[in-house]
Amino acid sequence: MRARVVPVLLIDDGGLVKSVEFGKYNYIGDPMNAIRLYNEMEVDELVILDISASKKNRAPDFEMIEELASNAFMPLGYGGGISSIDDIKKLFYSGVEKVIINNQLLSNKSFIKEAAKLHGKQSIVGSVDIKKNFFGSYKVYDHVKNKTLDIDYVDFVKDLEGLGIGELFVNDVLNDGKMKGYDIKLIDRLHDSVSIPVVFCGGAGKLADIKKAIDSGAHAAAAGSIFIYKSK
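Residues numbered from 1 in each chain as written. Predicted model: local features only at pLDDT ≥ 70, side-chain atom pairs only at ≥ 80, totals over all residues. Heavy atoms only, no water.

Peer 1: Which residues make up the overall build of the protein chain, and what values do they have?
Peer 2: Assigned secondary structure in the protein chain consists of nine helices and 12 strands. A compact globule built from 232 residues should have a C-alpha radius of gyration of about 17 Å, and the protein chain, at 16 Å, falls within 12% of that. For the protein chain, the spread of C-alpha atoms along the three principal axes comes to 40 × 40 × 35 Å. Residue burial in the protein chain is summarised as follows: out of 232 residues, 57% are buried. Here the protein chain has roughly 10700 Å² of accessible surface; of this, 48% comes from carbon and sulfur atoms. The positive charge centre, built from 30 side chains, and the negative charge centre, built from 32, are 5 Å apart in the protein chain. (Helix = DSSP H or I, 4+ residues; strand = E, 2+ residues; numbered from the N terminus. Rg over C-alpha atoms; globule rule 2.2 N^0.38 Å. Buried < 20%, exposed > 50% of the residue type's maximum accessible area, 1.4 Å probe, protein only. Areas by Shrake-Rupley, 256 points an atom, 1.4 Å probe, with all protein chains shown as cover. Lys, Arg positive; Asp, Glu negative; His and termini not counted. Charge placed at Lys NZ, Arg CZ, Asp CG, Glu CD.)

Peer 1: Help me get a handle on the packing of aromatic side chains, residues and values and all.
Peer 2: All told, the structure shown has five aromatic pairs when counted by the stated rule. With centroids separated by 5.5 Å and ring planes inclined at 85°, the aromatic side chains of Phe-134 and Phe-135 adopt a geometry described as edge-to-face. Take Phe-135: its relative accessible area is 71%, and that puts it in the exposed class. (Phe/Tyr/Trp six-rings, centres within 6.5 Å; stacked < 30°, edge-to-face > 60°.)

Peer 1: Break down empty space enclosed by the protein for me, citing the residues and quoting the values.
Peer 2: Here the structure, examined in full by the defined rule, presents three cavities of 30 Å³ or more. In this structure, the largest cavity is lined by 36 residues; those nearest its centre are Leu-10, Phe-22, Leu-49, Ile-51 and Asn-171. When residues of the lining of the largest cavity are traced back to their parent elements, those giving at least two are strand E1 (4-12), strand E2 (15-20), strand E4 (46-50), strand E6 (98-101), strand E7 (124-132) and strand E12 (220-223). Split by residue class, the lining of the largest cavity holds 14 nonpolar, 17 polar and five charged. (1 Å grid on protein atoms, 1.4 Å probe; cavity = no way out; pocket = protein on both sides within 12 Å on 5 of 7 lines; lining within 4 Å. Points joined across faces, edges and corners; volume = space filled by probe spheres on them. Nonpolar A, V, L, I, M, F, W, Y, C, P; charged D, E, K, R; others polar.)

Peer 1: Give a description of the pattern of salt bridges that names residues and reports values.
Peer 2: Counted according to the given criterion, the structure contains 12 salt bridges. Between Lys-178 and Glu-21 there is a salt bridge, with its nearest N and O atoms 2.6 Å apart. Of the two residues, Lys-178 is situated in the loop between strand E10 (167-172) and helix H7 (184-193) and Glu-21 in the loop between E2 and strand E3 (23-29); the sequence distance between them amounts to 157 residues. By relative accessible area, which is 30% here, Lys-178 ends up partly exposed. On the accessibility criterion, Glu-21 (32% relative accessible area) is partly exposed. Taking the shortest distance from any N to any O, the salt bridge between Glu-167 and Lys-98 comes out at 3.3 Å. Here the residue Glu-167 occupies a position in strand E10, and Lys-98 occupies one in strand E6, the gap between them amounting to 69 residues. We classify Glu-167 as buried; its relative accessible area is 7%. (Salt bridge = Lys/Arg side-chain N within 4 Å of Asp/Glu carboxyl O.)

Peer 1: Describe in detail the pairing of strand E8 (residues 138-142), supporting the description with residues and values.
Peer 2: Extensive coverage of E8 is indicated by the burial of five of its five residues. Where E7 and E8 come together, three bridges link them in antiparallel fashion. Opposite Ile-130, over in E8, you have Val-140 as the bridge partner. As judged from the three bridges shared by E8 and strand E9 (residues 147-152), these two strands associate in the antiparallel manner. Counterpart to Tyr-141 in the pairing with E9 is Thr-148. Linking two consecutive strands that pair antiparallel, namely E8 and E9, is a turn of four residues; a positive phi of about 55° is found at Asn-146 within it. (Pairing = 2+ DSSP bridges.)

Peer 1: Got a sec to walk through a positive patch on the surface? Specific residues and values, please.
Peer 2: Among the surface-exposed residues, Lys-132, Lys-158, Lys-185 and Arg-189 lie close enough to one another that they form a single positively charged patch. Tracing the backbone shows Arg-189 in helix H7. (Patch = residues over 30% accessible without salt bridge, like charges linked within 9 Å, V, L, I, M, F, W, Y side chains within 5 Å.)

Peer 1: Residue-level account of the packing of helix H5 (residues 109-119) against helix H6 (residues 153-163), with values.
Peer 2: Across the interface, H5 lies against H6 with an axial gap of 9 Å and an inter-helix angle of 35°. Across the interface between the two elements, Lys-109, Ile-112, Lys-113 and Ala-116 from H5 touch Phe-156, Asp-159 and Leu-163 from H6. Its residues assigned to classes, the contact of H5 with H6 shows four nonpolar, no polar and three charged. (Axes fitted to C-alpha atoms, helices over the stretch in contact; angles between N-to-C directions. Contact = heavy atoms within 4.5 Å.)

Honestly, that's just the spatial picture; any functional story needs more than this.
Next up, the structure:
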């Protein structure tokens, strides 16, 4: 399988933002401008995450998603506010090729099993936020409640693989927006824990960081800041 580099766009109330450690949001502008930029860069794949949808108990903005998808020349993955099978169907109709599910994994794991069964595991991505705690242990993080959970991430991702997801999208909370390099130890452990492809996000500051992540076992290196800030 060819390694991939996946740009990530964070959407907050319709605008493009960048975050640091899942907070300290910096407004960037219109996400459509970023879509045009990535069209010119001829990227292979793009991920769009609506970071406020689940927090506000809001469904995906299907009108916005359809507009972004219709202007994108690459396959799109989307996550944010997904709470029903009907949401997933509407996203596929809107032009999304991969649906990224995060918050529902913490409360309704049977949902992702049903989604994978209905739409095929290749279309369903399980998204897990991981945060290193004070004692240096990696734990699952709940971005909606803004708290670290007492859940071991290895057991969690193995469980998700068993439910039928086709891919894992991992966000490293403490490295988000830092641009100081990926947590290679975490990538190594994830690579050894599951057999499905792992997309790793959080920490890319230069192209060498991306290469190191892929060399360490990430099937794809996802990044936002390096593309948004260094393209200006």
